[in-house]
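# Examination of the molecular architecture
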Amino acid sequence: MLMRMFALLLAAGMAPATLAAQMVSPLIDRSGEPFSYFSRPTDVIGVMDAPAATLVGPEGFFYTGYGELMLFAGNPAEPLNQRVKTLEKGYLPVIDYSTQRDGFVYRVKAFTASLDGRPEGTLVNFIRVSVRNLRSDPRTAWLGTAMRYQGEVNSPDLNVVPDNRFPRPAEPEHKGGYRQLGEKFNPDWVYGFDGQAFVRDGRAMYFFPASPAPARHLTMKEGYDEPSNLAPHKLGILSTTPAGFVQYRLTLRGNEEVTLDFKMPVVPVKIDAPERKAIEAAPFDAMHAQVVEGWEQILNAGMEIHVPEAKVNDTFRANLIYDLIARDKLGDDYVQTVNKFHYHAFWLRDSSYIVRMYDLTGYPQYAAQDLAFFARWQQPDGNFVSQGGQFDGWGQTMWAYGEHTRITGDLDFARRVYPAMQKAVEWLRQARAKDPLHIIPVTSPGDNEDISGHVTGHNFWALAGLKNVILVAKALGETADAAAYQAEYDDYYRAFHAALEKQTAATGGAIAPGLDVRGGQDWGNMLAVYPEKILDPHDPMVTATLQATRAKYREGVMTYGDGRWLHHYLTLKNTETETIRGDQRWAVEELYAELLHTSSTHAGFEFAIRPWGTRDFHLNLSPHGWFSAKFRAALRNMLVREEDNDLYLLSVVSPEWIRPGEEIRVRRAPTDFGTVNFTLKSLSATEAQLTFDASFRQRPGRVLVHVPWFMEVKEALADGKPVTASDVIELPAGAQQLTLRWQRKPETPVLNYGRAVEEYKREYRRRYDEFLRTGEIQRP
């Protein structure tokens, strides 16, 4: 994934050696608006499992494979442009934004719905625009809409991909390949109106309200004193020319508001098709209620996390929805893609994390559906490869199969996948036997680590996968296989550890991307402890790797491309390790750094943003599904996680969450042992109470409660009886309540999302002033 985008950036003239220093004005961060890290954010509205979705552009326009619906205000008309947007209730895929022009406020609310409720049904974008007169006297506003094929293109050699948009159309070479519905621009298209529809080549592009009666024009500027020719005809316009311009003159009394509803089919419909009548008849309010209810039902069925920071809660919820919108249902297959935009394709590596997130947060049915598609990627020799040279897919598939079995206890699933796992182990045995180091063989993944050689991360993944093959064999009672696989693991571990020791002797202790090649990008070398504990969390190699990679952070997050770009979700590899190690403060700081680098709609990105630069990811669009999965899993593991045979609660807690009257609440949390519910309520500055309720199908060895690093426990009572007060408190079997009498340590820092935003804006302003003075960006 990364290398494909890297090639696009190079082609676009964005190589770091040639890119002039650029920053964006800090004035884009307006007071009174939610903070959005991106200067040009992209958002998605869509339907779970549908074949396509709609990109909401930085300006607030609606972009599909067929065109882009624009909104205008004033006369002469000027495009609306509102960078900061929000989600309904903070997390639902109903986009909301507003902007002011000439004493009027224009508010836009938009969502996508399937008319018959099926993902393969007719998909329609419902767009409501409300215009309100902010003054007390009558005044006239103008609202306009039009459709263009695409916006500006300011990069060369990118197949005419407009700024902050995705390439389309695209037909995949195979199921799971890059796919975008749509059509190429045709200068011979015929444009016109048919009733309340703007029509292109006989298909309705969007529908507009009949009342109040609008003015209609096929283009926004026509010949002097010539009457508008609305009959269907060729226009000979450019791909960037708005067409089908409809303008409403709205004379409003003081403080009066008027609302107009527009409808844009994601795939244009023929003007005589029955779908047209269904679209025209579909009421905004009823469809909106249906969309809200449907998503709320999904959210309420899974794990609930509540902490005393709305940004944390909303990011957790919204990113489940982003990954579900990214999923396709193609025939009988559920194909988990990364997003519906530039990464509308399947990767074993991304999808394995997304599947794991579904399992960890209460959606095993979605995980099982996605996992059924993994079998397609097993090669005749037994390896699992979705992209050439990416041998980490072997371990990721075994890991995903095994962890799904462990957390669900679904032995029918285990029996179905076990033959494929056996075949996969046979590939591993043969591959190792032929390799001089007796590990995963030399490969060129063309991505992530960006090296050719023995890739460190591929071996961490293989060992993690082999652990899960052993788990499944034991679960199925295949004791002979389990013993043989354990012997294979032990031999493999010795060979790999020897290679690691040789490698780290040359690096000064830190684990590098390649075992026998220099250079490369940090990636799989950060996986020694999570998702499976291959090395001891406090192994000196792990500590040195954390130190080496954290030294590369900029703006609080990891960098990629030898420090050229920020990398958002790569940071979370360290955060997971820190959670297990007990590096609580580092993990909290990274939690807020991750949240800082999201949009006001809580979307994450991948890379392509330079530190202290324009905050524009250009063609590397958000939301990114791997961030979504990793953030949700990381937050879940901070609050409830498994390690060996123990259950851990509250491994990482922010100082912001421990305040009188506040509570941390976890509901319906699936674990390897069963379902867990708990609440930690701060009764006062010196006392808190944990209530714990679990439905275990097998009891953990211990239930352990971490004490936040900034609190000092004076006394601990389990169901009223004293227990040993320490940094980690064991909850006695059957105990349902833990009372903590404690006090906050005097050196406790102020850490919260709001503080992170203000500190970032202050530092960005300082660097911007220096940029204006010198013309250079301070890096680091």
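What counts and how
- Residues numbered from 1 in each chain as written.
- Predicted model: local features only at pLDDT ≥ 70, side-chain atom pairs only at ≥ 80, totals over all residues.
- Heavy atoms only, no water.
- Helix = DSSP H or I, 4+ residues; strand = E, 2+ residues; numbered from the N terminus.
- Rg over C-alpha atoms; globule rule 2.2 N^0.38 Å.
- Buried < 20%, exposed > 50% of the residue type's maximum accessible area, 1.4 Å probe, protein only.
- Contact = heavy atoms within 4.5 Å.
- Areas by Shrake-Rupley, 256 points an atom, 1.4 Å probe, with all protein chains shown as cover.
- Lys, Arg positive; Asp, Glu negative; His and termini not counted.
- Charge placed at Lys NZ, Arg CZ, Asp CG, Glu CD.
- Pairing = 2+ DSSP bridges.
- Phe/Tyr/Trp six-rings, centres within 6.5 Å; stacked < 30°, edge-to-face > 60°.
- Lys NZ or Arg CZ within 6 Å of the ring centre and 35° of its normal.
- Axes fitted to C-alpha atoms, helices over the stretch in contact; angles between N-to-C directions.
- Salt bridge = Lys/Arg side-chain N within 4 Å of Asp/Glu carboxyl O.
- Expected span 1.5 Å × (residues − 1).
- 1 Å grid on protein atoms, 1.4 Å probe; cavity = no way out; pocket = protein on both sides within 12 Å on 5 of 7 lines; lining within 4 Å.
- Points joined across faces, edges and corners; volume = space filled by probe spheres on them.
- Nonpolar A, V, L, I, M, F, W, Y, C, P; charged D, E, K, R; others polar.
- Left-handed = near helix turned anticlockwise from the far one by under 90°.

## Some remarks on the overall build of the protein chain
- Of regular secondary structure, the protein chain possesses 15 helices and 33 strands.
- For 780 residues, the compact-globule estimate of 2.2 N^0.38 gives 28 Å, and the C-alpha radius of gyration of the protein chain, at 28 Å, lies within 12% of that figure.
- Per-residue burial for the protein chain yields a buried fraction of 62% across its 780 residues.
- The long-range share in the protein chain, meaning contacts at least 24 apart out of those at least 6 apart in sequence, stands at 70%.
- For the protein chain, the exposed area adds up to about 28800 Å²; of that, 49% sits on carbon and sulfur atoms.
- If the 86 positive side-chain charges of the protein chain are averaged to one point and the 97 negative ones to another, these points end up 2 Å apart.

## A closer look at the pairing of strand 20 (residues 327-330)
- Bridging between strand 20 and strand 21 (residues 333-336) involves four bridges; their strand directions are antiparallel. Residue pairing for strand 21: arginine 327 is matched across the bridge by glutamine 336.
- From the end of strand 20 to the start of strand 21, which pair antiparallel, there are two residues, and glycine 331 there has a positive phi angle of about 65 degrees.

## Quick notes on the packing of aromatic side chains
- If you walk through the whole model with that rule in mind, you get 48 aromatic pairs.
- Look at phenylalanine 346 and tryptophan 377: their rings are 5.5 Å apart centre to centre, the planes differ by 10 degrees, and that puts the pair in the stacked class. With a gap of 31 residues between them, phenylalanine 346 in the loop between strand 21 and helix 5 (348-360) and tryptophan 377 in the loop between helix 6 (364-374) and helix 7 (392-408) connect regions that are remote in the sequence. With respect to class, phenylalanine 346 is no different from tryptophan 377; both count as buried.
- One aromatic cluster is present, formed by Tyr353, Trp399, Trp461, Trp523, Tyr560, Trp565, Tyr569, Phe607 and Trp626 through successive ring pairs.
- Its guanidinium or amino end placed over the ring of phenylalanine 316, arginine 632 lies 3.9 Å from that ring's centre, counting from NZ or CZ.
- In this structure, arginine 641 packs its charged tip against the face of tyrosine 648, placed 4.3 Å from the ring centre.

## Re the pairing of strand 24 (residues 640-643)
- Residues of strand 24 alternate between two faces, with Val640 and Glu642 on one and Arg641 and Glu643 on the opposite face, all of them buried.
- Bridging between strand 24 and strand 25 (residues 646-649) involves four bridges; their strand directions are antiparallel. Residue pairing in the sheet places valine 640 in a bridge with leucine 649 of strand 25.
- Connecting strand 24 to the next strand, strand 25, in antiparallel fashion are two residues, including aspartate 644 with a positive phi near 55 degrees.

## So, the sheet that holds strand 32 (residues 728-731)
- An order of 24-25-29-32 is seen for the four strands of this open sheet, with the pairing classed as mixed. With one partner strand each, in any of the chains shown, strand 24 and strand 32 form the two edges of the open sheet. Each adjacent strand pair in this sheet contributes to an overall mean axis angle of 30 degrees, direction not counted.
- The strands touched by helix 14 (residues 625-639) are strand 24 and strand 25; relative to strand 24, the strand with the most contacts, the crossing angle is about 80 degrees.

## Some thoughts on unusual backbone geometry
- For the bond running from arginine 168 to proline 169, omega is 0 degrees, close enough to zero to count as cis.
- Mapped onto the secondary structure, proline 169 falls in the loop between strand 10 (139-148) and strand 11 (190-194).
- For the peptide bond that leads from serine 211 to proline 212, omega is -5 degrees, which places it in the cis range.
- Position of proline 212 relative to the elements: it lies in the loop between strand 13 (203-207) and strand 14 (215-219).
- The residue asparagine 448 is not glycine, and still its phi comes out positive at about 55 degrees.
- Considering the arrangement of structural elements, one finds asparagine 448 in the loop between helix 8 (411-434) and helix 9 (456-475).
- For aspartate 450, which is not glycine, the phi torsion reads 60 degrees and is therefore positive.
- Structurally, the position occupied by aspartate 450 is in the loop between helix 8 and helix 9.

## Looking at the pattern of salt bridges
- Summed over the entire model, instances satisfying the criterion amount to 64 salt bridges.
- Residue aspartate 137 pairs with arginine 135 through a salt bridge whose shortest N-O separation is 3.2 Å.
- Aspartate 137 sits in the partly exposed class, given a relative accessible area of 28%.
- Classification of arginine 135 as partly exposed rests on a relative accessible area of 41%.
- Aspartate 491 serves as the salt-bridge partner of arginine 432, at 2.7 Å between the closest nitrogen and oxygen. One end of the pair, arginine 432, is in helix 8; the other, aspartate 491, is in helix 10 (residues 479-507), and 59 residues separate them in sequence.
- Owing to a relative accessible area of 36%, aspartate 491 belongs among the partly exposed residues under this scheme.
- Salt bridges linked by common partners bring Glu426, Arg429, Arg432, Glu488, Asp491 and Arg494 together as one network.

## Some words on helix 5
- For helix 5, which comprises 13 residues, the first-to-last C-alpha distance of 18 Å matches the rise-based estimate of 18 Å (1.5 Å per residue) to within 8%.
- Where burial is concerned, most of helix 5 is hidden: 13 out of the 13 residues are buried.
- Where helix 5 terminates, the next one or two residues include glycine 362, which has phi positive at roughly 100 degrees.

## Quick notes on empty space enclosed by the protein
- Applying the stated criterion across every chain, the model contains eight cavities of 30 Å³ or more.
- Approximately 60 Å³ is the volume attributed to the largest cavity.
- What lines the largest cavity is Ile511, Asn525, Met526, Ala528, Val529, Met541, Val542, Thr545, Leu546, Asn574 and Thr577.
- Contributing elements (two or more residues each) for the lining of the largest cavity: helix 11 (540-550) and helix 12 (571-581).
- It is helix 11 that contributes the most residues to the lining of the largest cavity, four residues altogether.
- Looking at the lining of the largest cavity residue by residue, the classes come out as seven nonpolar, four polar and no charged.

## Concerning the packing of helix 7 against helix 9
- As a packed pair, helix 7 and helix 9 sit with axes 7 Å apart at the nearest point and diverge in direction by 35 degrees. Like other packed secondary-structure pairs, helix 7 and helix 9 cross with a definite hand, here left-handed. Together, Asp392, Trp394, Gly395, Gln396, Met398, Trp399, Gly402, Glu403, Thr405 and Arg406 of helix 7 and His458, Trp461, Ala462, Gly465, Leu466, Asn468, Val469, Leu471 and Val472 of helix 9 make up the contact between the two elements.

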